[in-house]
Amino acid sequence: MRELEYPFDSELILQNRRKLRKALIADGSARIKKNIAVLGGSTTHDIIAALELFLLNQGIEPSFYESEYAQYYQDAMFGNPELDEFHPDIIFVHTSLRNINVGFPAMSDSREQVKELIDSQVKYFEGMWEKLRSKFNCPIIQNNFEMPFYRLLGNKDAQDYRGRTNFVTELNRRFYEYADEHNDFYIHDINYISAAYGLEQWSDPFYWYMYKYCLCLPAIPEFAFNLSNIIKSIFGKNKKALVLDLDNTLWSGVVGDDGVDGIDVGQETSVGQGFYEFQTYLKAHKQLGILLNVASKNDHENAIAGLNHPSGVLRPDDFTIIKANWDAKSENLKKIASELSLLPESLVFVDDNPAEREIVRAYVPGVAVPEVNKVEEYIRNIDRGGYFEVTTFSADDASRVEMYRQNIMRAQAQESFTDYNEYLLSLEMHADIKDFEPLYLARITQLTNKSNQFNLTTKRFTESEMEAVAADDKYVRLYGRLVDKFGDNGIVSVVIGRQEDNILHMELWLMSCRVLKRDMEQAMLDEVVRQAQKRGIREIRGYYYPTAKNKMVEKLYETFGFTLLSSDDAGNTVWSLMTEGYEDQNKVIKVN
Amino acid sequence: MIDKGEIFERLNEVFQDVFDDESIKVNPKTTAKDIDDWDSLEHIRLIAAVEREFGMRFKMGEVSTMKNVGEMADIIAARATK
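Residues numbered from 1 in each chain as written. Chains lettered and ligands numbered in written order. Predicted model: local features only at pLDDT ≥ 70, side-chain atom pairs only at ≥ 80, totals over all residues.

What follows covers the overall build of chain A. Of the regular secondary structure elements, chain A holds 23 helices and 17 strands. Scaling as 2.2 N^0.38, a compact globule of 592 residues should have a C-alpha radius of gyration of about 25 Å, and chain A matches this with 26 Å. (Helix = DSSP H or I, 4+ residues; strand = E, 2+ residues; numbered from the N terminus. Rg over C-alpha atoms; globule rule 2.2 N^0.38 Å.)

So, in structure tokens, the structure goes:
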């Protein structure tokens, strides 16, 4: 919904909340349901209201638990039946400068005394986090502290160990240390977002005195949007690729008309510097595993010439797919999504031309289309959009761009074979299919939470839940990693089965779409059966739960040779396979 | 100074948006009791929306002591910048 995309009109959102909510709920889109507990140290009512809108817009339907006014600590430490029964999927601790309860340093304090003050405040919070972790075993999002709105020592407040600004900075640093050392713990950076908003407005004490809000009411949508980005990232709803226009998006001018010498990017002019910095910003996304692609109305050779501009930053080989032709951009976007095995909703389309943006919004629903009209706004509008919010960063993210490049080489190799099986053999594939290992747990969880298409049950796990599965004997757990002559695809498949007597119930079966049609799913099945046989399990029971996105695996168990046991009106199906006399189905991948 | 008729017309629109109810018609005597969803939480949002519409701010004391929409309109009339 346009009203909820950055840059948005905050006051309009507050004023029309009910109307927007109604429209979102009525739009019929599929959403995952999540329970979010908000433990507040100040008023949270409008924060929850705005957060709900942004989450609905991001494909998440939240239910909320809201602690009584400022009861965050009591709820966490001493329990609350309502909260216990709520079974939160996420806990958000909404504290602020107003919740510092050990006092601030006095001018008479020694360094040692101030250090003790900091320690005791951090201990207060750590005790609460530990309690929440052990009790609820779910991700925790914790605000850091905004900067104080007055400075007793003036500028020295920042540097002096007794300064309030210094004190808060130190507390924040200690919060980050805890976040560094603990999984499933995320900092909501209100220090940054309040600075970006303007601390003076943000901390307008009117709203504290009147309503016990720790921030001004008009800032609440910005706050809630920033928070919703963490939540949607945790639940696997980040974007994965950028699709970029060229003329007047990556450089000033039209390369087809003006020639390479006529376009502007680089250090010579102010406009050129704008495009240079934008290219630098885009290129940095490759480190995060974000794929860069081009959709441009241009002759291919002109596009390449422009990307080879001597003063530019991006080069043709920085891009995974370059579509420079005269087809509709909407068509090129669909093709790019399909060639990358991504859904259109994983793409962010960047084009300075409002007409192209409208076409893509209309014909490729789900694609994020930020408003980019002037080069000096490009970075801000994309960055603050939060499309690529990093909550976990795995080794796989770091090498993803390279993996996709290898995939394109595979596709080219395939064209030289007429027999598909021979092509598969030529890939010289070998796979590790093994029980979960601690080292890979983050990647396994990440893959589990973002796989939508090749996913039989679409069951999601937090890292804590995955750790629990990894430690429990009743589960058969397998991850699959596929390597071939072009390179390492990394961990691409996850399967979890729960043993109940003689039956193995498949709770999770998923695979990354980038290894479709490689017989990796057969290799996983072979190993599942082998593990089951080892445990004396006689039957494997498969479950398929349809979603808006997983139709491609509707018949997977059938192709595996399972028998249909039951089905219901919603399309849920249950399948069965006897382990006795099973013959391996994978003939092209060497395993373990 | 804007006239009272215009103030009430614009207030009506703000009330209709905030409470998402197009049947609302406010008059000087309207109080929170007359509008179903007008509780202390919605009051916060309403005040912010009114401030935005008229380009003005209420003082802290006023927010809790205004007795009806008529008093709200008096303050708006004295302070509106748009």
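That shown, we press on.
Here we take up the overall build of chain B. If you tally the helices and strands in chain B, you get four helices and zero strands. Counting from the amino terminus, helix and strand elements in chain B follow one another as α-α-α-α. Whereas a compact globule of 82 residues would reach a radius of gyration of roughly 12 Å, chain B reaches 11 Å, a difference of no more than 12%. Principal-axis analysis of the C-alpha atoms gives chain B an extent of 30 × 25 × 20 Å. The buried share of chain B, reckoned over its 82 residues, is 23%. In chain B, once contacts between residues fewer than 6 apart in sequence are set aside, the share between residues at least 24 apart is 63%. (Buried ≥ 20, exposed ≤ 12 C-beta atoms within 10 Å, placed from the backbone. Contact = placed C-beta atoms within 7 Å.)

Further remarks concern the domain arrangement of chain A. Residue and element names in this part refer to chain A. Taken as a whole, chain A is organised into domain 1 (2–234), domain 2 (241–383) and domain 3 (428–591). Here domain 1 and domain 3 have C-alpha centroids that lie 38 Å from each other. Taken together, the six residues of domain 1 in the interface contact six residues of domain 3. Within the side of domain 1 that touches domain 3, the residues separate by chemical class into three nonpolar, two polar and one charged. (Domains from an automatic or database assignment. Nonpolar A, V, L, I, M, F, W, Y, C, P; charged D, E, K, R; others polar.)

Once that is clear, we can look at the packing of helix α1 (residues 4–18) of chain B against helix α2 (residues 40–54) of chain B. Residue and element names in this part refer to chain B. Interaxial distance between α1 and α2 falls to 10 Å at its minimum, and their mutual angle equals 140°. Between α1 and α2, the interaxial angle falls into the category oblique. Judged by the sense of rotation from one axis to the other, the crossing of α1 with α2 is right-handed. Along its contact with α1, which presents R10, L11, V14, D17 and V18, the element α2 presents E42, R45, L46, A49, V50 and E53. (Axes fitted to C-alpha atoms, helices over the stretch in contact; angles between N-to-C directions. Parallel < 35°, antiparallel > 145°, perpendicular 65-115°, else oblique. Left-handed = near helix turned anticlockwise from the far one by under 90°.)

We now examine the pairing of strand β7 (residues 291–297) of chain A. All names here are of chain A. The element β7 is largely enclosed, with a buried count of six among its seven residues. The sheet contact formed by strand β6 (residues 241–244) and β7 spans four bridges and is parallel. Residue L242 lies in a different strand from β7, and its bridge partner there is L292. Inspection of the sheet shows β7 paired to strand β8 (residues 321–325) by five bridges, in the parallel sense. Across the sheet, the residue bridging to N293 is I321, located in β8. Regarding the hand of the β-α-β motif, the stretch spanning β7, helix α14 (residues 300–307) and β8 is right-handed. (Pairing = 2+ DSSP bridges. Right-handed = clockwise from strand over helix to strand, strands pointing away.)

Counting residues in hydrophobic clusters, the biggest one holds 78 residues, and the most contacted among them are A50(A), I91(A), F92(A), L215(A), I220(A), F223(A) and A224(A). L244(A), V294(A), L347(A) and Y404(A) belong to the second largest nonpolar core, which has 46 residues in total. (Core = buried A, V, L, I, M, F, W, Y, C linked by C-beta atoms within 7 Å.)

This paragraph deals with the interface of chain A and chain B. It is common to give the size of an interface as the accessible area lost on bringing the parts into contact. Taken together, the contact pairs 14 residues of chain A with eleven residues of chain B. Elements represented by at least two residues in the side of chain A that touches chain B include exactly α1 (10–15), α2 (17–26), α3 (45–57) and α10 (206–211) of chain A. In terms of residue count, α10(A) provides more of the side of chain A that touches chain B than any other element does, four residues in total. Partitioned by chemical class, the residues of the side of chain A that touches chain B number seven nonpolar, three polar and four charged.

All names here are of chain A. Reading across from one edge, β8-β7-β6-β9 is the order of the four strands in this open sheet, with parallel pairing throughout. Pairing within the sheet leaves two strands with one partner each, and these edge strands are β8 and β9 (347–350). Averaged over all pairs of adjacent strands, the angle between strand axes in this sheet comes to 15°, irrespective of strand direction.

Residue and element names in this part refer to chain A. Residues I140 and Q142 point to one face of strand β4 (residues 140–143) and I141 and N143 to the other, with burial holding for every one of them. As defined by bridge partners, strand β3 (residues 90–94) adjoins β4 across three bridges and the pair is classed as parallel. Within the sheet, the bridge partner assigned to V93 lies in β4 and is Q142. In this region the chain leaves β3, passes through helix α6 (residues 111–136) and returns to the parallel neighbour β4; the handedness of that crossover is right-handed. With helix α7 (residues 164–181) bridging β4 and its parallel neighbour strand β5 (residues 185–188), the resulting β-α-β unit is right-handed.

Turning to helix α16 (residues 354–363) of chain A, a few remarks are in order. Residues and elements named next belong to chain A. Among all positions of α16, only E356, R357 and V360 are buried. The arc that holds the buried residues of α16, viewed along the axis, is 100°, so those residues lie on one side. Exposed residues pointing more than 90 degrees away from the buried face of α16 are listed as P354, A355, E358 and A362. Buried residues in α16 make contact with α15 (329–339) and β9. (Arc of directions from axis to C-beta.)

Turning to the sheet that holds strand β16 (residues 573–578) of chain A, a few remarks are in order. Residue and element names in this part refer to chain A. Taken in spatial order, the eight strands make up an open sheet running β15-β16-β14-β13-β12-β11-β10-β17, and their pairing is mixed. The open sheet is flanked by β15 (563–567) and β17 (590–591), the only strands paired with a single partner. Bridging between strand β10 (residues 430–434) and strand β11 (residues 475–484) involves five bridges; their strand directions are antiparallel. Residue pairing in the sheet places K434 in a bridge with Y479 of β11.

Moving on: the environment of Y6(A). Residues and elements named next belong to chain A. Mapped onto the elements, Y6 comes out in the segment before α1. Look at Y6 and you get partly exposed, because 19 C-beta atoms sit within 10 Å. Taking the C-alpha atoms as reference points, Y6 and D383, 377 residues apart in sequence, are found 9.6 Å from one another. Residues in contact with Y6, not counting those within four places in the same chain, are F225, N381, R384 and G385.

Now for the environment of Y213(A). Residues and elements named next belong to chain A. Along the polypeptide, Y213 turns up in the loop between α10 and α11 (220–234). Judged by C-beta crowding, with 24 C-beta atoms within 10 Å, Y213 ranks as buried. As a C-alpha pair, Y213 and T44 span 169 residues in sequence and 7.5 Å in three-dimensional space.

Our next topic: the environment of D84(A). Structurally, D84(A) can be placed in helix α5 (residues 81–86). Sequence separation between D84(A) and E415(A) is 331 residues, and the spatial gap between their C-alpha atoms is 57 Å.

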